Amino acid sequence: MAQLETSDQEIPKVINFMASVLERVAETNDLSRRFSAQKISMFHGLTRPTISVESYLERIFKYANCSPSCFVVAYIYLDRFSQRQPLLPINSFNVHRLLITSVLVSAKFMDDIFYNNAYYAKVGGISTKEMNLLEVDFLFGIGFQLNVTPTTFHTYCFYLQTEMLLESPPMPVPSSSLKIGRNVNHQYCCINEDESTHQQHELAV
């Protein structure tokens, strides 16, 4: 079995920001599960993982050695997945598998050199067979929409950098309709990928 290669790189702030957003999104959707129709998918675990989202993201960054840009793109992919799969909102039971899969797909698309699925499975604490199935399901879930235009990428980066510089409680994840953290009477900073404009919408379950 291959040994995991460690990285001594400092953890980028984007990791902490993503973790904060996704943890709150997962908690919000956990609470709303009884009020909205939600499907169970292969991304769902039987129990909530004991490792926090932040520690899990830091582990992925430490061992996967993928570029920080991959995490921004993975963030965009998660947004697209949530928009296209409204009955599969991110919650505490699926957020970890969605994260490892989105980073895997992002690394393959973004980086010239990347680890194989068996390695990512070890990083994520799952089997290689499961990693393979999750990758295929995720790709279908986003409709194989892997391309990220420079405008979209920089718009998301600008949003993330602004939130980090403000050092205020982060707003939920940006998107054109933001199904990631949808709940009653909650405002979300939204990004229209075609026009790259910011809008505020009040969404209801």
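Residues numbered from 1 in each chain as written. Predicted model: local features only at pLDDT ≥ 70, side-chain atom pairs only at ≥ 80, totals over all residues. Heavy atoms only, no water.

The protein is annotated in an unreviewed UniProt entry as Cyclin of Nicotiana tabacum. As stated in UniProt under Sequence similarities (unreviewed entry), the record for the protein gives "Belongs to the cyclin family. Cyclin U/P subfamily." (UniProt positions renumbered as here; feature names shortened; annotations may be inferred.)

Participant: How should I be thinking about helix α4 (residues 95-110) in this particular structure?
Facilitator: Structural remark: α-helix, 3.6 residues per turn; residues separated by three or four positions point the same way. An ideal rise of 1.5 Å per residue puts 22 Å on 16 residues; α4 measures up with 22 Å between its terminal C-alpha atoms. Judged by how many residues are buried, α4 sits mostly within the fold: twelve of 16 residues are covered. Buried within α4 are the following residues: Val95, His96, Leu98, Leu99, Ile100, Thr101, Ser102, Val103, Leu104, Val105, Ser106 and Ala107. Residues of α4 that are buried make contact with α1 (13-32), α2 (53-64), α3 (68-84), α5 (117-124) and α6 (128-141). (Helix = DSSP H or I, 4+ residues; strand = E, 2+ residues; numbered from the N terminus. Expected span 1.5 Å × (residues − 1). Buried < 20%, exposed > 50% of the residue type's maximum accessible area, 1.4 Å probe, protein only. Contact = heavy atoms within 4.5 Å.)

Participant: I'm lost on the side chain of Asp111 in this one. Help?
Facilitator: Among the structural elements, Asp111 can be located in the loop between α4 and α5. For the buried residue Asp111, which engages in no salt bridge, the nearest side chain bearing the opposite charge is Lys108, 12 Å off. At a separation of 3.1 Å, a polar atom in the side chain of Asp111 contacts the side chain of Ser67. When sequence neighbours within four positions are dropped, the list of residues in contact with Asp111 reads Cys66, Ser67, Cys70 and Ser106. (Lys, Arg positive; Asp, Glu negative; His and termini not counted. Salt bridge = Lys/Arg side-chain N within 4 Å of Asp/Glu carboxyl O. Polar contact = N/O pair within 3.5 Å; in protein donor to acceptor, adjacent residues only side chain to side chain.)

Participant: Would you mind showing me how to read the packing of α1 against α2 here?
Facilitator: A pair of packed helices is captured by two measures, namely the crossing angle of their axes and the spacing between those axes. Axis separation between α1 and α2 bottoms out at 8 Å; the angle between their running directions is 145 degrees. Crossing geometry of α1 relative to α2 is assigned as right-handed. Touching Ile15, Asn16, Met18, Ala19, Leu22 and Glu23 of α1 are Val53, Glu54, Leu57, Glu58 and Phe61, all from α2. Looking at the contact of α1 with α2, its residues break down into seven nonpolar, one polar and three charged. (Axes fitted to C-alpha atoms, helices over the stretch in contact; angles between N-to-C directions. Left-handed = near helix turned anticlockwise from the far one by under 90°. Nonpolar A, V, L, I, M, F, W, Y, C, P; charged D, E, K, R; others polar.)

Participant: Sorry if this is basic, but what is going on with the environment of Glu130 here?
Facilitator: Note on placement: Glu130 falls in helix α6. For Glu130, a relative accessible area of 23% gives the class partly exposed. Separated by 33 residues in the primary sequence, Glu130 and Arg97 place their C-alpha atoms 9.7 Å from one another. Ignoring anything within four residues of it in the chain, the contact list for Glu130 reads Met42 and Arg97.

Participant: So what exactly am I meant to see when it comes to the packing of α5 against α6 here?
Facilitator: It is at 8 Å that the axes of α5 and α6 come closest, and there the two elements cross at 105 degrees. With respect to their mutual orientation, α5 and α6 come out roughly perpendicular. Residues Asn117, Ala118, Tyr120 and Ala121 of α5 form the contact with α6, whose participating residues are Thr128, Met131, Asn132 and Glu135. Counted by class, the contact of α5 with α6 contains four nonpolar, three polar and one charged residues. (Parallel < 35°, antiparallel > 145°, perpendicular 65-115°, else oblique.)

Participant: What is the right way to look at unusual backbone geometry in this model?
Facilitator: With the exception of glycine, the majority of residues adopt a negative phi angle, and the majority of peptide bonds are in the trans configuration. The backbone phi angle of Asn65 is positive, close to 55 degrees, even though this residue is not glycine. For Asn65, the position within the fold is in the loop between α2 and α3. A positive phi angle, near 55 degrees, is found at Phe144, a position not held by glycine. For Phe144, the position within the fold is in the loop between α6 and α7 (150-166). Taking relative accessible area as the criterion, Phe144 reaches 44% and is therefore assigned partly exposed.

Participant: How should the nonpolar core be read in this particular structure?
Facilitator: In globular proteins that are soluble, nonpolar side chains generally tend to be buried together. Ranked by internal contacts, the top residues of the largest apolar core, which has 53 residues, are Phe71, Leu99, Tyr120 and Phe138. For this core, the elements supplying multiple residues, two or more each, are α1, α2, α3, α4, α5, α6 and α7. Among the elements that make up this core, the one with the highest residue count is α3 (ten residues). Leave out the neighbours within four places in its chain, and Tyr120 touches Ala64, Cys66, Ile100, Val103, Leu104, Ala107, Tyr115 and Met131. (Core = buried A, V, L, I, M, F, W, Y, C linked by side-chain atoms within 4.5 Å.)

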